[in-house]
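Listed here are the chains, written in short residue letters.
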Amino acid sequence: MGATLFGDWMARINKNYDKLSAGYLFPEIAKRTKAFVEKNPGVEVLRLGIGNTTEPLTPAVINALHFGVDKLADVRTYTGYGDEQGDSRLRKMIVDFYAKRGVSLEVDEVFVSDGAKPDSANIQSIFGTDNIVAVQDPAYPVYVDTNVIGGRTGTANGSTYEGIVYMRCDESNGFFPDVPKQKVDLIYLCSPNNPTGAVATKDQLKGFVDYARANKAVIIFDSAYYSFISDPSLPRSIYEIPGAKECAIEINSFSKSTGFTGVRLGWSIVPKAIVTEDAPTGRVNALWNRRQTTMFNGASNIVQEGGLAALSPGGLIENQKIIDYYMENARIIRDGLKAKGFTVYGGTNAPYLWVKTKNGMSSWDFFDKILNEAHVVTTPGSGFGPAGEGYFRVSAFGHRENVVKAVDSIRVNLKV
Ligand code: PL4
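Residues numbered from 1 in each chain as written. Predicted model: local features only at pLDDT ≥ 70, side-chain atom pairs only at ≥ 80, totals over all residues. Heavy atoms only, no water.

Caption draft 1: Region of interest: the overall build of the protein chain. Within the protein chain, the regular secondary structure consists of 13 helices and 15 strands. In terms of overall size, the protein chain behaves like a compact globule, its C-alpha atoms giving a radius of gyration of 22 Å where 416 residues would be expected to give roughly 22 Å. Dimensions of the protein chain, computed from the C-alpha atoms along their principal axes, are close to 60 × 60 × 55 Å. Per-residue burial over the protein chain gives 52% buried out of 416 residues. In the protein chain, 74% of the contacts between residues at least 6 apart in sequence involve partners at least 24 apart. When the accessible surface of the protein chain is split by element, carbon and sulfur atoms take 54% of a total near 18100 Å². Put simply, the protein chain has 45 plus and 45 minus side-chain charges, and the middle of one group is 3 Å from the middle of the other. (Helix = DSSP H or I, 4+ residues; strand = E, 2+ residues; numbered from the N terminus. Rg over C-alpha atoms; globule rule 2.2 N^0.38 Å. Buried < 20%, exposed > 50% of the residue type's maximum accessible area, 1.4 Å probe, protein only. Contact = heavy atoms within 4.5 Å. Areas by Shrake-Rupley, 256 points an atom, 1.4 Å probe, with all protein chains shown as cover. Lys, Arg positive; Asp, Glu negative; His and termini not counted. Charge placed at Lys NZ, Arg CZ, Asp CG, Glu CD.)

Caption draft 2: Inspection of the pattern of salt bridges at higher detail. Tallied over the entire structure, the rule returns 22 salt bridges. One salt bridge in this structure joins Asp-96 and Lys-92, with 2.9 Å as the shortest N-O distance. Of the two residues, Asp-96 and Lys-92 are both situated in helix α4 (residues 88-99); the distance of four residues between them amounts to about one turn of the helix. The salt bridge partner of Asp-170 is Arg-168, with a shortest N-O separation of 2.9 Å. Asp-170 gets classed as buried once you look at its relative accessible area, which sits at 17%. Each member of the salt-bridge network shares a partner with another, and the members are Glu-28, Lys-31, Arg-32 and Asp-368. (Salt bridge = Lys/Arg side-chain N within 4 Å of Asp/Glu carboxyl O.)

Caption draft 3: Spatial organisation of the site of the ligand. In the vicinity of the ligand there are 21 residues, among which Tyr-140, Asn-194, Tyr-225, Ser-253 and Ser-255 approach most closely. At a separation of 2.8 Å, an oxygen atom of the ligand approaches a polar side-chain atom of Lys-117. In the complex, the protein chains occlude 88% of the 600 Å² of accessible area that the ligand would expose alone. At the level of elements, α5 (116-122) and α8 (255-258) are the ones that each hand at least two residues to the shell around the ligand. Sorting elements by how many residues they give to the shell around the ligand places α5 first, with three residues. (Near = heavy atom within 4 Å. Polar contact = N/O pair within 3.5 Å; in protein donor to acceptor, adjacent residues only side chain to side chain.)

Caption draft 4: Representation of the packing of aromatic side chains in the model. For the structure on display, the rule yields 26 aromatic pairs. Arranged with centres 6.1 Å apart and planes meeting at 85°, the rings of Phe-175 and Tyr-391 form a pair that is edge-to-face. One end of the pair, Phe-175, is in the loop between β6 (165-168) and β7 (186-190); the other, Tyr-391, is in strand β15 (residues 391-395), and 216 residues separate them in sequence. Look at Tyr-352 and Phe-397: their rings are 6.2 Å apart centre to centre, the planes differ by 75°, and that puts the pair in the edge-to-face class. (Phe/Tyr/Trp six-rings, centres within 6.5 Å; stacked < 30°, edge-to-face > 60°.)

Caption draft 5: Examining the environment of Val-284 more closely. Checked against the element boundaries, Val-284 lands in helix α9 (residues 283-295). Those residues within four positions of Val-284 in sequence are excluded, and the remaining contacts are Ile-126, Phe-127, Ile-249, Val-270, Ile-274, Thr-276 and Ala-279.

Caption draft 6: Local environment of the environment of Gly-381. Its location among the elements puts Gly-381 in the loop between β14 (379-380) and β15. Here Gly-381 falls in the buried class, since its relative accessible area comes to 0%. Setting aside its immediate chain neighbours within four residues, Gly-381 contacts Trp-354, Ser-363, Gly-388, Glu-389, Tyr-391 and Phe-392.

Caption draft 7: View of unusual backbone geometry. A cis amide bond, omega -10°, links Ser-191 with the succeeding residue Pro-192. The amide bond that connects Asn-194 to the next residue, Pro-195, takes the cis arrangement and shows omega of 20°. For Pro-195, the position within the fold is in the loop between β7 and α7 (202-215). With phi around 50°, Lys-216 is a residue other than glycine that occupies positive phi space. Take Lys-216: it is sitting in the loop between α7 and β8 (218-222). Exposure remark for Lys-216: the relative accessible area of 43% places this residue in the partly exposed category. One non-glycine residue, His-375, adopts positive backbone phi at about 60°. Structurally, His-375 can be placed in the loop between α12 (363-374) and β13 (376-377). With relative accessibility at 23%, the residue His-375 sits in the partly exposed group.

Caption draft 8: Representation of helix α3 (residues 59-72) within the structure. For α3, with 14 residues, the first-to-last C-alpha span of 20 Å sits near the 20 Å given by 1.5 Å per residue. Among the residues of α3, Val-61, Ala-64, Leu-65 and Gly-68 are the ones counted as buried. One side of α3 carries all its buried residues, which in axial view fall inside an arc of 100°. Residues of α3 that are exposed and point more than 90 degrees away from the buried face comprise Pro-59, Asn-63 and Asp-70. Check the buried side of α3 and you find it contacts α8, α10 (301-311) and α11 (313-339). (Expected span 1.5 Å × (residues − 1). Arc of directions from axis to C-beta.)

Here you go:
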């Protein structure tokens, strides 16, 4: 007799998780920071690691959130489950928001969600496991890790996974890759980029859109940081590129534009015009609708009131002030690090600065050095992919006094 009534047959785990080569990046940073704090009680740690907003929500948004709560207190305005795809008023507002940039969408191409991370993680589930995935290298780790879990890769080989096409982004190409030389099927692009802070130009995106249309590939475009683009010539949405609706899904977020990192709200655009080798127009949109209606119960009704206020004309003006505040942080960090002799990229149309380590030190060694000597938490570049080795990322999200303290501490205490 085996271990169960039916022999040795027992529940089994998804073995793809075993392929994940290391812990998820951000908890690893938190673990090392905690260990430092425990070893050095009383030392003030200055956190410029995780891209986490710090400034309070604006009056328009706060009023709308209160309004959302008050609606629930009255039987005449109470609502329970809403549409899984989102409040139709918010979906329409998102359509109008794109229309201002000359992009025409239909309401049923907009899917409101609880954030860009879940959408960028879940989107792979509507595509076959035999798709070849290409990512920018370095990239937000969710794209690779979720495709590992989804079974689209082989095992880890050092800092890469078999089967993933890594599109190197380095100084030689201005941190934006050329289109792949081979056939790939799913292409993850993020602009403004996490972690390099590079922003793709219209021409660069056109190269990828042309590639995707020619090869029936799908681009998954993460524009979570669109609101940090101040240069009017740079695209905030991939749909500003003609033809992108035939090949691109766009994932977006209220986290960084509105301070909703803890509140949780985002959206994805899945155009009906997308075609793949085996999906005619409408099918990819229908699949995402099926996925969301089966596995998601809609974003919070209170929070969606906040989203409506955030995209209103007054809300956009208020939020711009917070974006300007974080971008002033970015300027302070950039100037301070440059004065210390660092080579610094990003931080002009993006809230991240991408900085070369000194003396050829590895990213994690340099992370430990800055933490130990200057008590500043950064993010090691290698956590974003092999091309991130030798760099570290500095986040411009933070209270001004902490940012100034961190830059001062690096200037005074870091031995380089
Ligand atoms: C730490 C390119 C931050 N625990 O808040 P969301 O879900 O709407 O958006 C998350 C997101 C999506 N796309 C990109 C991002 O950079 C992020 C947030 N990234 C960072 O420091 O890189 C927060 C990370 C969080 C996480 O794992 O996402």
